[in-house]
Amino acid sequence: MWRWVRQQLGFDPPHQSDTRTIYIANRFPQYGHYTPQKFIDNRIISSKYTVWNFVPKNLFEQFRRVANFYFLIIFLVQLMIDTPTSPVTSGLPLFFVITVTAIKQGYEDWLRHISDNEVNGAPVYVVRSGGLVTTRSKNIRVGDIVRVAKNEIFPADLVLLSSDRLDGSCHVTTASLDGETNLKTHVAVPETAVLQTVANLDTLIAVVECQQPEADLYRFMGRMTITQQMEEIVRPLGPESLLLRGARLKNTKEIFGVAVYTGMETKMALNYKSKSQKRSAVEKSMNTFLIIYLIILISEAIISTILKYTWQAEEKWDEPWYNQKTEHQRNSSKILKFISDFLAFLVLYNFIIPISLYVTVELQKFLGSFFIGWDLDLYHEESDEKAQVNTSDLNEELGQVEYVFTDKTGTLTENEMQFRECSINGTKYQEINGRLVSEGPTPDSSEGNLSYLTSLSHLNNLSHLATSSSFRTSPENGTELIKEHDLFFKAVSLCHTVQISSVQTDSIGDGPWQSSFAPAQLEYYASSPDEKALVEAAARFGIVFVGNSGEIMEVKTLGKLERYKLLHILEFDPDRRRMSVIVQAPSGEKLLFVKGAESSILPECIGGEIEKTRIHVDEFALKGLRTLCMAYRQFTSKEYEEINRRLFEARTALQQREEKLAGVFQFIEKDLILLGATAVEDKLQDKVRETIEALRMAGIKVWVLTGDKHETAVSVSLSCGHFHRTMNILELLNQKSDSECAEKLGQLARRIREDHVIQHGLVVDGTSLSLALREHEKLFMDVCRNCSAVMCCRMAPLQKAKVIRLIKISPEKPITLAIGDGANDVSMIQEAHVGIGIMGKEGRQAARNSDYAIARFKFLSKLLFVHGHFYYIRIATLVQYFFYKNVCFITPQFLYQFYCLFSQQTLYDSVYLTLYNICFTSLPILIYSLLEQHIDPHVLQNKPTLYRDISKNRQLSMKTFLYWTILGFSHAFIFFFGSYFLIGKDTSLLGNGQMFGNWTFGTLVFTVMVITVTAKMALETHFWTWINHLVTWGSILFYFVFSLFYGGILWPFLSSQNMYFVFIQLLSSGSAWFAIILMVVTCLFLDIVKKVFDRQFHPTNIEKAQMYSNTVAFSDEFIALQPLSRARNQLSKLRWKKIRVQSAQHMNLLKASTEGRTVGTC
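No experiment lies behind these values; they were computed from the predicted model shown.

Chemist: Is there a simple way to explain the overall build of the protein chain in this structure?
Modeler: Helices and strands together make up the secondary structure of the protein chain, namely 43 helices and 37 strands. For the protein chain, the proportion of its 1162 residues judged to be buried stands at 53%. Contacts spanning at least 24 positions in sequence make up 74% of the contacts within the protein chain whose residues lie at least 6 apart.

The structure is reproduced here in structure tokens:
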């Protein structure tokens, strides 16, 4: 029992060894003293709470928040000692905040429980006792053989045993795991692939040994030992054998697999890890302000306590005749009495700390995040994608960005590759209108050459193709296997992981490919758009990849079907930067085809036109094209046997498998013959140049972090406006040592100081970056900060994250934003203050791990300049207004102590103390923080320089904070002393001669305060809607109505009712009405005078823009930020009519730009 408890708490994991042994179908050995390993069940638990731990766990988490813990202490103090206010005044607001937060978190967790139960209770088929039985997903055990049918989701991580195909292969899609929609092929080992029935599987005796669970989706190492006829056969298992939970079976009738990882140990569950908590600059400022106000609170309590004892030093005030002390009070400890009085004053003034600030900020962030999803300008019609908010805690951070780090491929570009050029055997070719044309004369130029390199769609028939082929093997050159040009495109057609949907190829049949079947009808699926573009290009030029049939790759060469046996795939990895296949040609030769970056291919080549190809690759890169080099090697039988043996040993190793495979791959991929290079174009996305220029105008520095070679990256940077022609481009490339790197950085720093140019740009590659970050971080960052644009090429994912980390921790502590679309961008997205994922073609992993997700890079400008600007202004005003109104609230209470001998008498009734922040003043600021638009949105987007005015958290600077605090104190003094001098000494203000009392005086101060702070909010509001009017004037009306009912009725459930008839008597006095109006006008008049003076003589850029855009026309920007119902209403009107804008500059009819776009389509 104790061991189980320790396991549940994570102190004693069930298994400690590096590997796990799994007996298929749980057939454990019958001999010896075997103790089976214990594995967890298949339940997925994404919920946070249970029925039993919800209350204690949730309370613990909430009271870790400083403000909640502070009010809990105040509440306990009120319970323990005699305090001037009821414990209800602190307990009720605290209970309200805790309850609302608990309900919200409980509801979210309840939804997770429902989702978990749905997943865990799903029916599955498991092979047990020689039959197929139905059970629930949560009952699957490690070792069970599970059957999965077409289009079903795998319920656990399974090692594939067999499928309905003889070769034991199946196709899956992992869109729910990494977002990739392409079909991936998985294969079973040959010995189990033939076991296609339950009866056959029941005879299987095998053991799987594999590594313990890890989160990496693409890494799996293991081996299967199969016992057949008393003989043990060992087969390696890799990622191609593992079917991941959450993936879906496609184009395969059914499969059988053995469960190796279950429940929370599946790779999908291990990737559930929560992202690191990001805190916005506003939240940090808020905490600073809370500390300052806590100091003010303690100071007021100490001053009051000291003055009380100073006042009571005189005997007549220490024990007046009307308040005699008891014997116990006279003999009590003075120290304890001092502490008790200090705590009592602390309780009396504690409302200066706004507990409701937290719940209001949470509501503002949560509700405000919906406007991003509703914005029609952030909706992409082609992909039918709207903007997504994955975390609402960073909305205001969008208005504080100083650095943007962006990926290139798929983020700045479309990630839609189109084949443009190639270099074959030292000759450049360009595709023009479907024809591959040489840019210069070839050594053996002939009409046949050009005919062969002509698209199939432009030829009449296959016989013409056959006669025009001068690159195919002929009797005259029998010693040569294939001509270089033919071999180049065969390398393109064979060296890939492209798949063809079986639905598309069913019509082909078992026989040769029909000549009437056009290549355009083949639908290729690839994990990389580069591979798809190259295979499609080869098909256009006569070498058509038809598909896979088990280990056979079928290629049509000019109408003739050729079958190549796929012997080995040497998978791509970022260290080698290349991939290879070993195939057996129809003639029996063993060929290695290699494809990869020129930096990884050319050094391994010993033949071919290496120098010419290198020049061509550089020329392609200067045009902004993505390049790959192709090479091959032919093995003798002896060489292949050695390679096959080494690969088997490395792939069956359970320890250091990756290192051993890397060594074998290096042994194989050498002594290559270079075939040529390919160049594909990745088009820029729409409005990328305009967006980058707008970011630069807003004072934001843009860094591009990419894995491309530097020529390609620089070319794209120039074309997209990241670099411009007048910029001085500095380079830190190909550094070999620390000393060389330091010297180069010193030279660059001197050039920046000496060159009198406006802007510098820096290009740095991954190798040089590693050296710079190792020993010369400070010097490197100094160079980077003095450059307006930086391009980092040949970057690894972790290098991207490290660069962002360095900028984050630099002395200026700038706010960073990272944007990318691929899985390799996740690390930098999570490292930056704000991470934005592009919902592109490289999957959804970046979008899922980001804080916000958009469909196109161009939407970034609207997200920052409009939404970010609005969110920051709203929440900055919200935070400062909360502190202002609480200073107004509690300062009169402090001043009142000077007039009541510091007796701790409260100025306000306890009900008013409780409801001030909850009801009377909460709604106007909440609605303001959701709907305020101090400038028209299209002005913000068209004037990016306005973004500079809110950068570096200027609206929450200490200067602004002190202004609001002093304003609160000044208004509080007017409330208190205005009431005191106007009616405090008048003893006959009521018609019956009755004088005002303590509660009447306090109610007058409270009434003036509620009206003034609400009217102050109205002065701050620039964008008025019916909702603003309702909550602003409705709050004042509600206060009056509530006070009339509260003070006009004797409520039986109240033990004492000090306010009975007080409010009615106050309102019956004309002098009181005069005092209320005079004090409200006096408070607001000073504020209005300051605003008018500043606007006329010292206007800010934002105030100039407000005057520029006094008249707001209906527009997409205006509509998109409205509540959904209003947006629907306005869109329906705009769709059927045009709006005439009365303007001195525009006297024409403007057609509604929202035609055809509805909120429903979002």
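Chemist: What should I look at first to understand helix H38 (residues 1026-1048) in this one?
Modeler: It helps to recall that an α-helix has 3.6 residues per turn; residues three or four apart then point in one direction. The terminal C-alpha atoms of H38, which comprises 23 residues, lie 31 Å apart, in line with the 33 Å expected from a rise of 1.5 Å per residue. Of all the bends in H38, the greatest measures close to 30° and is centred on Gly1034. Burial in H38 covers these residues: Ile1027, Asn1028, Val1031, Thr1032, Ser1035, Ile1036, Tyr1039, Phe1040, Ser1043, Tyr1046 and Gly1047. In this fold, the buried residues of H38 make contact with helix H33 (910-920), helix H34 (923-931), helix H37 (998-1020), helix H39 (1062-1067) and helix H40 (1070-1097).

Chemist: How should a nonpolar patch on the surface be read in this particular structure?
Modeler: Together, Leu294, Ile298, Ile302, Ile306, Ile335, Leu336, Phe338 and Ile339 make up an exposed nonpolar region whose accessible area comes to about 700 Å². For the nonpolar patch, the elements supplying multiple residues, two or more each, are helix H9 (281-311) and helix H12 (334-349). Topologically, Ile335 is positioned in helix H12. For Ile335, a relative accessible area of 62% translates into the label exposed.

Chemist: Just to check I follow, could you spell out the sheet that holds strand E7 (residues 184-187) for this structure?
Modeler: Consider a sheet: its strands pair through backbone hydrogen bonds, and that pairing is either parallel or antiparallel. The antiparallel open sheet is built from three strands, whose spatial order is E7-E6-E12. Edge positions in the sheet fall to E7 and strand E12 (248-250), since each has one partner strand and no second. Across this sheet, the average inter-strand angle for adjacent strands is 45°, counted without regard to direction. For strand E6 (residues 169-173) and E7, the ladder comprises four bridges, and the chain directions are antiparallel. Within the sheet, the bridge partner assigned to Cys170 lies in E7 and is His186.

Chemist: Sorry, what's going on with unusual backbone geometry here?
Modeler: Across residues other than glycine, the phi torsion is negative in most instances, and most of the peptide bonds are trans. One non-glycine residue, Asn26, adopts positive backbone phi at about 55°. Inspection of the secondary structure assignment puts Asn26 in the loop between strand E1 (19-23) and helix H2 (54-62). Its relative accessible area of 21% is what places Asn26 among the partly exposed residues. A positive phi angle, near 70°, is found at Asn151, a position not held by glycine. By the secondary structure assignment, Asn151 is in the loop between strand E4 (145-149) and strand E5 (157-163). A relative accessible area of 37% places Asn151 in the partly exposed class.

Chemist: Help me understand the side chain of Thr1003, please; the structure alone is not making it clear to me.
Modeler: Examined against the element boundaries, Thr1003 turns out to sit in helix H37. There is a polar contact of 2.6 Å between the side chain of Thr1003 and the backbone oxygen of Trp999. Once you skip the residues sitting within four places of it in the chain, Thr1003 turns out to touch Tyr912, Tyr1039, Met1059, Val1062, Phe1063 and Leu1066.

Chemist: For this particular structure, what's the right way to read the environment of Phe1038?
Modeler: Within the secondary structure, Phe1038 sits in helix H38. Overall, Phe1038 belongs to the partly exposed group, its relative accessible area being 38%. In sequence terms Phe1038 and Phe920 are 118 residues apart; their C-alpha atoms lie 7.5 Å from each other. Excluding anything up to four places from it in sequence, Phe1038 contacts Cys919 and Phe920.

Chemist: What should I look at first to understand the sheet that holds strand E3 (residues 131-136) in this one?
Modeler: The six strands are arranged E3-E2-E4-E13-E5-E11 in an open sheet whose pairing can be described as antiparallel. Looking at the sheet topology across the chains shown, the edges are occupied by E3 and strand E11 (242-243). Across six bridges, E5 lies against strand E13 (residues 254-261) in antiparallel orientation. What sits directly across from Ser162, in E13, is Phe256.

Chemist: Would you take a moment to explain the nonpolar core for this structure?
Modeler: Nonpolar side chains in soluble globular proteins tend to be buried together. Ranked by internal contacts, the top residues of the largest apolar core, which has 102 residues, are Tyr908, Phe1006 and Met1009. With 19 residues, the top contributor of residues to this core is helix H32 (residues 859-896). When neighbours within four sequence positions are excluded, Tyr908 is seen to be in contact with Cys888, Phe889, Pro892, Gln893, Leu913, Trp999, Gly1002, Val1005, Phe1006 and Met1009. Membership of the second largest hydrophobic core comes to 52 residues, among which are Leu378, Val688, Phe723 and Cys793.

Chemist: Hey, could you run me through the pattern of salt bridges in this one?
Modeler: Oppositely charged side chains can pair when the atoms bearing their charge come close. Summed over all chains, the structure comprises 39 salt bridges. Note that Arg540 is salt-bridged to Glu431, the shortest N-O span being 2.9 Å. Of this pair, Arg540 sits in helix H19 (residues 529-540) while Glu431 sits in strand E17 (residues 427-432), placing them 109 residues apart in sequence. With relative accessibility at 15%, the residue Glu431 sits in the buried group. Of the charged contacts in the structure, one is a salt bridge between Lys778 and Asp782, with a shortest N-O distance of 3.5 Å.

Chemist: Can you walk me through the packing of aromatic side chains in this structure?
Modeler: Aromatic ring pairs are defined here through the distance separating the ring centres and the angle between the ring planes. One pass over the full model with this rule turns up 58 aromatic pairs. Ring centres 4.1 Å apart and planes at 15° place the aromatic pair Phe889 and Tyr916 in the stacked group. Here Phe889 is found in helix H32, whereas its partner Tyr916 is found in helix H33, with 27 residues between them in sequence. This pair shows no difference in class: Phe889 is buried, exactly as Tyr916 is. When the ring of Phe1006 is compared with that of Tyr1039, the centres are 5.7 Å apart and the planes differ by 45°; the resulting orientation is tilted. Of this pair, Phe1006 sits in helix H37 while Tyr1039 sits in helix H38; the two residues are 33 residues apart in sequence, bridging distant segments of the chain. In this pair, the class of Phe1006 matches that of Tyr1039, namely buried. Here the guanidinium or amino end of Arg646 rests over the ring plane of Phe667, the centre of that ring lying 4.0 Å away. The ring of Phe882 is capped by Lys885, whose NZ or CZ atom sits 4.3 Å from the centre of that ring.

Chemist: Would you mind going over the packing of H37 against H38 with me for this structure?
Modeler: What describes two packed helices is the angle between their axes and the distance between those same axes. Contact pair H37 / H38: the axes reach a minimum separation of 9 Å and the direction vectors enclose 170°. Considered as vectors, H37 and H38 are oriented roughly antiparallel to each other. Touching Thr1003, Phe1006, Thr1007, Val1010, Ile1011, Thr1014 and Ala1018 of H37 are Thr1032, Trp1033, Ile1036, Tyr1039 and Phe1040, all from H38. Split into classes, the residues belonging to the contact of H37 with H38 amount to eight nonpolar, four polar and no charged.

Chemist: Where do I start with the confidence of the model for the protein chain in this structure?
Modeler: It should be kept in mind that the predicted coordinates are not to be read in detail where pLDDT is low. Scored by pLDDT, the protein chain comes out at a mean of 78, with 81% of its residues at no less than 70. Within the model, pLDDT remains below 50 along residues 6-15, and this stretch shows 13 contacts once partners closer than five positions in the same chain are excluded. Below pLDDT 50 for its whole length, residues 1111-1162 participates in 79 contacts with residues either more than four positions away or in separate chains.

Chemist: Honestly, the pairing of strand E23 (residues 560-573) in this entry has me stumped. Any pointers?
Modeler: Moving residue by residue along a regular strand, the side chains alternate between the two faces of the sheet. Summarising the sheet, strand E22 (residues 552-557) and E23 pair through six bridges and their orientation is antiparallel. When the sheet's bridge partners are listed, Glu554 is paired in E23 with Arg563. Linking E22 to E23, which pair antiparallel, is a turn of two residues; within it Leu558 sits at a positive phi near 55°. Of the pairings in the sheet, the one linking E23 to strand E24 (residues 578-584) comprises six bridges and is antiparallel in character. When the sheet's bridge partners are listed, Leu566 is paired in E24 with Val583.

Calculation criteria
- Residues numbered from 1 in each chain as written.
- Predicted model: local features only at pLDDT ≥ 70, side-chain atom pairs only at ≥ 80, totals over all residues.
- Heavy atoms only, no water.
- Helix = DSSP H or I, 4+ residues; strand = E, 2+ residues; numbered from the N terminus.
- Buried < 20%, exposed > 50% of the residue type's maximum accessible area, 1.4 Å probe, protein only.
- Contact = heavy atoms within 4.5 Å.
- Expected span 1.5 Å × (residues − 1).
- Bend = angle between axes of the 7 residues up to and from the residue.
- Patch = residues over 30% accessible without salt bridge, like charges linked within 9 Å, V, L, I, M, F, W, Y side chains within 5 Å.
- Areas by Shrake-Rupley, 256 points an atom, 1.4 Å probe, with all protein chains shown as cover.
- Salt bridge = Lys/Arg side-chain N within 4 Å of Asp/Glu carboxyl O.
- Pairing = 2+ DSSP bridges.
- Axes fitted to C-alpha atoms, helices over the stretch in contact; angles between N-to-C directions.
- Polar contact = N/O pair within 3.5 Å; in protein donor to acceptor, adjacent residues only side chain to side chain.
- Core = buried A, V, L, I, M, F, W, Y, C linked by side-chain atoms within 4.5 Å.
- Phe/Tyr/Trp six-rings, centres within 6.5 Å; stacked < 30°, edge-to-face > 60°.
- Lys NZ or Arg CZ within 6 Å of the ring centre and 35° of its normal.
- Parallel < 35°, antiparallel > 145°, perpendicular 65-115°, else oblique.
- Nonpolar A, V, L, I, M, F, W, Y, C, P; charged D, E, K, R; others polar.
- pLDDT = per-residue confidence, 0-100.

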